[in-house]
Amino acid sequence: MGSQTMQGFIKLGNPIELSDKEFYKLSKFIYDNYGINLPITKKTLLESRLQKHLRKLGTTSFQKYIDNICSGTESEEVVNMINLVSTNKTHFFRESLHFSFLQKEVLPHARPSAKDKFQIWSAASSTGEEIYSIAITLEEFLAKNGQHISYSILGTDISTDALQVGNNAIYSEKQVEGLPLDLKKKYLLKSIDRKEGKVRVIKKIRDKTLFKRFNLIQDRYPAPETFDVIFCRNVLIYFDKPTQERVIRNLARCLRVGGYLFLGHSESLMGIDLPLKPRVHTGYQKMSIC
C-alpha cells in the first residue's frame, strides 16, 4: 500500500502510545490537582480516551502533550483533558431512595419563608439529570401540599462539557423514557422537530438552577452552613481515602445544622468522625456545628 492512497483507502499512522513512565506522570498530575486516583490498571483507558484528541491537536507523542499539560497553571487544554478523562454516568432519579426520602422526610420540615431560600447543592452534578430530578421532587411536593418554598439548586462539576449539557437541559427521549408520563407532561418540552427525538426541561425549573465549574479538592468551598441539602454521589469512589475524608469534611462544613448530606450507594462515612447521623442508606443529617 502506498504512502497516500490505494484503491480508496488511506494509510493510517502508527498509534500514539502511552508509556508507563508517561502514565505515572500524567496520573500524578491528575491526582495532585483533581483528586482522581488512576491506578496502572486504568492506563489503557486513559490512553484510548486521549489518543484521538492528540491526533486532532497534531501532537505526535504523549511526552510533548504531558510536558505541556504539566507546565504550570490550569490552561484551556488542561480543562479539555479533564473533560476527556472524567466519567459522567448518570440518569434521572438515579438511586431513587434519596428522592423519596427528600420528599417524605426532609421537605415537610423545610422552612416555608419566601425570604429564606431552601438551598441545595449537587456537588457532582455531571450532565444535570440529578439536579432536575431534585427540582421535580420539590415541585411535586409543593404542588401536592399547597406550600410555597423558595428554592435554588447549585450544580457543580469538574467537566465543562457535562456542565454545558446540564445548563442547556436538553436530553434525548431515550434518556427520559424511565420517567412517568405525568412527570414528562409537566416538566419536559418536546422538540418542534419530532425527528430529533429531543426534550428540554421547562424554563420554570431551569430558572431555579445555576451550573458552575468547581474542583472538589480545592480549599475554597462555599461559606459555612450555606446549604440545607447537599448531594455528592458517585464521585468519592474515584478518590483515595484521605481525599474522600477531606472532601466530606469540607462538604459537612457547608451544610446547615439539621441539613442533609447524600452520598452514592457504594460510598460511606466509615472511619470519619463527624456529627452526621445516618437517616437513610448513605443519607446523613448534620447534628451540630463541625
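Let me begin by describing the structure that accompanies this report.

Procedures and definitions
- Residues numbered from 1 in each chain as written.
- Predicted model: local features only at pLDDT ≥ 70, side-chain atom pairs only at ≥ 80, totals over all residues.
- Heavy atoms only, no water.
- Axes fitted to C-alpha atoms, helices over the stretch in contact; angles between N-to-C directions.
- Helix = DSSP H or I, 4+ residues; strand = E, 2+ residues; numbered from the N terminus.
- Contact = heavy atoms within 4.5 Å.
- Nonpolar A, V, L, I, M, F, W, Y, C, P; charged D, E, K, R; others polar.
- Phe/Tyr/Trp six-rings, centres within 6.5 Å; stacked < 30°, edge-to-face > 60°.
- Buried < 20%, exposed > 50% of the residue type's maximum accessible area, 1.4 Å probe, protein only.
- Lys NZ or Arg CZ within 6 Å of the ring centre and 35° of its normal.
- Pairing = 2+ DSSP bridges.
- Right-handed = clockwise from strand over helix to strand, strands pointing away.
- Core = buried A, V, L, I, M, F, W, Y, C linked by side-chain atoms within 4.5 Å.
- Expected span 1.5 Å × (residues − 1).

**Describing the packing of helix α3 (residues 62–69) against helix α4 (residues 76–85)**
Point 1. In the contact formed by α3 and α4, the axes pass within 9 Å of each other and the chain directions differ by 115°. For the pair α3 and α4, contact is made by Tyr 65, Asn 68 and Ile 69 and by Glu 77, Val 78 and Met 81, respectively.
Point 2. In terms of residue class, the contact of α3 with α4 is built from 4 nonpolar, 1 polar and 1 charged.

**A look at the packing of aromatic side chains**
Two aromatic rings are characterised by how far apart their centres lie and by the angle between their planes.
Point 1. The tally for this structure, following the rule as stated, stands at 14 aromatic pairs.
Point 2. Ring geometry for Trp 121 and Phe 227: centres 5.2 Å apart, planes at 35°, overall tilted. Residue Trp 121 is found in strand β3 (residues 118–122), and its partner Phe 227 is found in strand β9 (residues 227–232); the two are separated by 106 residues along the sequence.
Point 3. Since its relative accessible area comes to 0%, Trp 121 is described here as buried.
Point 4. Residue Phe 227 is classed as buried on the basis of its relative accessible area of 5%.
Point 5. Three or more aromatic residues joined by ring pairs make a cluster, and in this case those are Phe 93, Phe 99, Phe 101, Phe 231, Tyr 260 and Phe 262.
Point 6. Seen from the ring of Tyr 151, Lys 208 lies directly overhead, with NZ or CZ sitting 4.8 Å from the centre.

**Some details on unusual backbone geometry**
Point 1. Here the phi dihedral of Ala 169 falls at roughly 60°; this positive angle occurs in a residue that is not glycine.
Point 2. The residue Ala 169 is located in the loop between α7 (160–168) and β5 (170–172) in this model.
Point 3. Among the residues examined, Ala 169 registers a relative accessible area of 0% and is labelled buried.
Point 4. Of note, Thr 282 is a non-glycine position whose phi angle comes to about 55°, a positive value.
Point 5. Here Thr 282 is to be found in the loop between β11 (276–280) and β12 (283–286).

**Some details on the pairing of β9**
Point 1. When you tally the buried positions in β9, you get 6 out of 6 residues, the bulk of the element.
Point 2. Bridge analysis of β3 against β9 gives 3 bridges, and the strand direction is parallel. Paired with Ser 122 across the strands is Phe 231, a residue of β9.
Point 3. Summarising the sheet, β9 and strand β10 (residues 255–263) pair through 5 bridges and their orientation is parallel. Bridged to Val 229 within β10 is Tyr 260.
Point 4. Crossover handedness for the path β9 to helix α10 (residues 241–254) to β10: right-handed.

**Some points on the environment of Glu 139**
Point 1. Residue position: Glu 139 is located in helix α6 (residues 129–145).
Point 2. Judged by its relative accessible area of 9%, Glu 139 is buried.
Point 3. Counting along the chain gives 36 residues from Glu 139 to Gln 103, while the straight-line C-alpha distance between them is 9.9 Å.
Point 4. Excluding residues that lie within four positions of it along the chain, Glu 139 makes contacts with Tyr 151, Tyr 187, Lys 204, Ile 205 and Lys 208.

**Remarks on the nonpolar core**
Point 1. The biggest cluster of nonpolar side chains holds 48 residues, and the ones touching the most others in it are Leu 46, Leu 50, Met 81, Trp 121, Leu 216 and Leu 251.
Point 2. Secondary structure elements with two or more residues in this core: α1 (20–34), α2 (43–57), α3, α4, β9, α10 and β10.
Point 3. Among all residues touching Leu 50, those that are not within four sequence positions of it are Leu 26, Phe 62, Tyr 65, Met 81, Leu 84 and Val 85.
Point 4. Judged by nonpolar contacts, the second largest core, of 38 residues, contains Phe 101, Ile 136, Tyr 187 and Ile 202.

**Some words on α10**
Point 1. Its 14 residues give α10 an end-to-end C-alpha distance of 20 Å, which sits within 8% of 20 Å, the value for a rise of 1.5 Å per residue.
Point 2. For α10, every residue scored as buried is listed here: Thr 243, Gln 244, Val 247, Ile 248, Asn 250, Leu 251, Ala 252 and Cys 254.
Point 3. The elements touched by buried residues of α10 are α1, β3, β9, β10, β11 and β12.

**Quick look at the sheet that holds β12**
Backbone hydrogen bonds are what pair the strands of a sheet, in a parallel or an antiparallel way.
Point 1. One open sheet holds the 7 strands; their spatial order is β8-β4-β3-β9-β10-β12-β11, and the pairing between them is mixed. Strands with a single pairing partner mark the edges of an open sheet, and in this sheet they are β8 (209–213) and β11. Adjacent strand axes in the sheet meet at a mean angle of 20°, parallel and antiparallel pairs treated alike.
Point 2. With 3 bridges joining them, β10 and β12 adopt antiparallel strand pairing. For Tyr 260, the partnering residue across the bridge sits in β12 and is Gln 285.

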